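# Architecture and fold: a report
Given next are the chains, with one letter for each unit.
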Amino acid sequence: GENVEQHPSTLSVQEGDSAVIKCTYSDSASNYFPWYKQELGKRPQLIIDIRSNVGEKKDQRIAVTLNKTAKHFSLHITETQPEDSAVYFCAARGPPREYKEEGGSEKLVFGKGTKLTVNP
Amino acid sequence: KAGVTQTPRYLIKTRGQQVTLSCSPISGHRSVSWYQQTPGQGLQFLFEYFSETQRNKGNFPGRFSGRQFSNSRSEMNVSTLELGDSALYLCASSLRPPGLAFNEQFFGPGTRLTVL
């Protein structure tokens, strides 16, 4: 099955610096790659996602890049702020063929998370 | 529109007991997935439901089960609790049937289960 590796596990940056989190996946048929932010004691919230037919997507200070050949995708946060401090999870959705009947699966395979600390 | 809700938010049980957790998806959402979150293993997929049918299941023992009702609300049950079942149990709902391209999942706040 799909396996997602995420690095680094912890990341500390100064306010205003950029932060980059990298993930690799194993199944070349995976087609959807969301990123979730989870603040302490709160639910994971989707911050950005990318589809397998797109190489890059940007939303204000956040961008995600996808390299299908190398099977890795990255989250880039520019001009970091203290409120960006949280745990970030990458995920990959396995191919529809994992499910035997028609349709597919919403199963997300997550990386282990990156604890980002932005120091004022 | 109200978000995904889960009840109870916190639960303390002892080994050997069983527990039922509830999830109400966003109104109109018909797909519900369940995940277990622990510090050591991260977020792991338990199962997913659509139209009252289990569509996919993760690698968890048979003590973990679930169901979905006609109003899309879902419950999961863990029988014969073990210490290692202590975790945050998250459910997520999505609008479209499973597997359709780019179907965003919205997470609930989770149920924090502690097994003593």
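In the block above lies the structure referred to throughout.
My aim in this report is to walk through the structure given alongside it, one point at a time. Here the residue numbering is sequential within each chain, running from 1 through the sequence in written order. As a convention, the first chain written is A and the first ligand written is 1, with the rest following in written order. Since the coordinates come from a predicted model, pLDDT governs what is reported: local features require at least 70, and pairs of side-chain atoms require 80 or more to be given and counted, while whole-chain, interface and lining totals use all residues. The side-chain figures draw on all heavy atoms in the structure; neither hydrogens nor water molecules are used.

### Observations regarding the overall build of chain B
Let me state the cut-off plainly: Secondary structure is summarised from DSSP: a helix means a run of H or I of at least four residues, a strand means a run of E of at least two, and numbering begins at the N terminus for each. C-alpha atoms define the radius of gyration, and 2.2 Å times the number of residues to the power 0.38 defines the globule rule. Classification of residues uses two cut-offs on accessible area relative to the type maximum, computed with a 1.4 Å probe and protein chains only: under 20% is buried, over 50% is exposed, and between them is partly exposed. Residue contacts are defined here by distance: any two heavy atoms, one from each residue, within 4.5 Å place the two residues in contact. Where accessible areas are quoted, they stem from the Shrake-Rupley method and a 1.4 Å probe; at the residue level, only the protein chains shown are allowed to cover.
Scanning chain B from terminus to terminus reveals zero helices and 11 strands. Reading the helices (α) and strands (β) of chain B from amino to carboxyl end gives β-β-β-β-β-β-β-β-β-β-β. Expected size for 116 residues packed as a compact globule is a radius of gyration near 13 Å; at 13 Å, chain B falls within 12% of this value. With respect to the principal axes defined by its C-alpha atoms, chain B has extents near 40 × 25 × 25 Å. Relative to its 116 residues, chain B shows a buried fraction of 51%. Within chain B, counting contacts between residues at least 6 apart in sequence, those at least 24 apart form 55% of the total. Carbon and sulfur atoms form 50% of the exposed surface of chain B, whose accessible area is close to 5200 Å².

### Digging into the side chain of Ser22(B)
Put simply, the rule reads: For this analysis, a polar contact is any N or O atom pair within 3.5 Å, provided that within protein one partner can donate a hydrogen and the other can accept it, and provided that sequence-adjacent residues contribute only side-chain to side-chain pairs.
The residue Ser22(B) is located in strand β3 (residues 19-24) in this model. A polar contact of 2.9 Å, which involves the side chain of Ser22(B), links it to the side chain of Arg73(B).

### Examining the nonpolar core
Defined as follows: As used in this record, nonpolar core signifies buried Ala, Val, Leu, Ile, Met, Phe, Trp, Tyr and Cys residues forming a set joined through side-chain atoms within 4.5 Å.
Among the nonpolar cores identified, the biggest contains 25 residues, and Trp35(A), Phe73(A), Leu75(A), Tyr88(A) and Leu116(A) are the most heavily contacted of them. Taken together, the elements giving at least two residues each to this core come down to β2 (10-14), β3 (19-25), β4 (32-38), β5 (45-51), β7 (62-67), β8 (72-77), β9 (86-93) and β11 (114-119) of chain A. Setting aside residues up to four positions removed in sequence, Tyr88(A) forms contacts with Gln6(A), Ile21(A), Tyr36(A), Lys37(A), Ile47(A), Leu75(A), Ile77(A), Gly113(A), Thr114(A) and Leu116(A). Counting residues in hydrophobic clusters, the runner-up holds 21 residues, among them Leu21(B), Val32(B), Tyr89(B) and Cys91(B).

### A look at the state of the cysteines
Using the following cut-off: Throughout, a disulfide means two cysteine sulfur atoms within 2.5 Å of one another.
What the rule picks out here adds up to two disulfides over all chains. One disulfide in the model links Cys23(A) with Cys90(A); its S-S distance is 1.9 Å. Residues Cys23(A) and Cys90(A) are joined by a disulfide whose S-S torsion is about -100 degrees; by sign, that bridge is left-handed. Remark: Cys90(A) occurs in strand β9 and Cys23(A) occurs in strand β3; sequence separation between them is 67 residues. A sulfur-sulfur separation of 1.9 Å characterises the disulfide bridge that pairs Cys23(B) with Cys91(B). An S-S torsion of about 75 degrees defines the bridge between Cys23(B) and Cys91(B) as right-handed. Residue Cys23(B) is found in strand β3, and its partner Cys91(B) is found in strand β9 (residues 87-94); the two are separated by 68 residues along the sequence. We note that Cys23(B), like Cys91(B), is buried.

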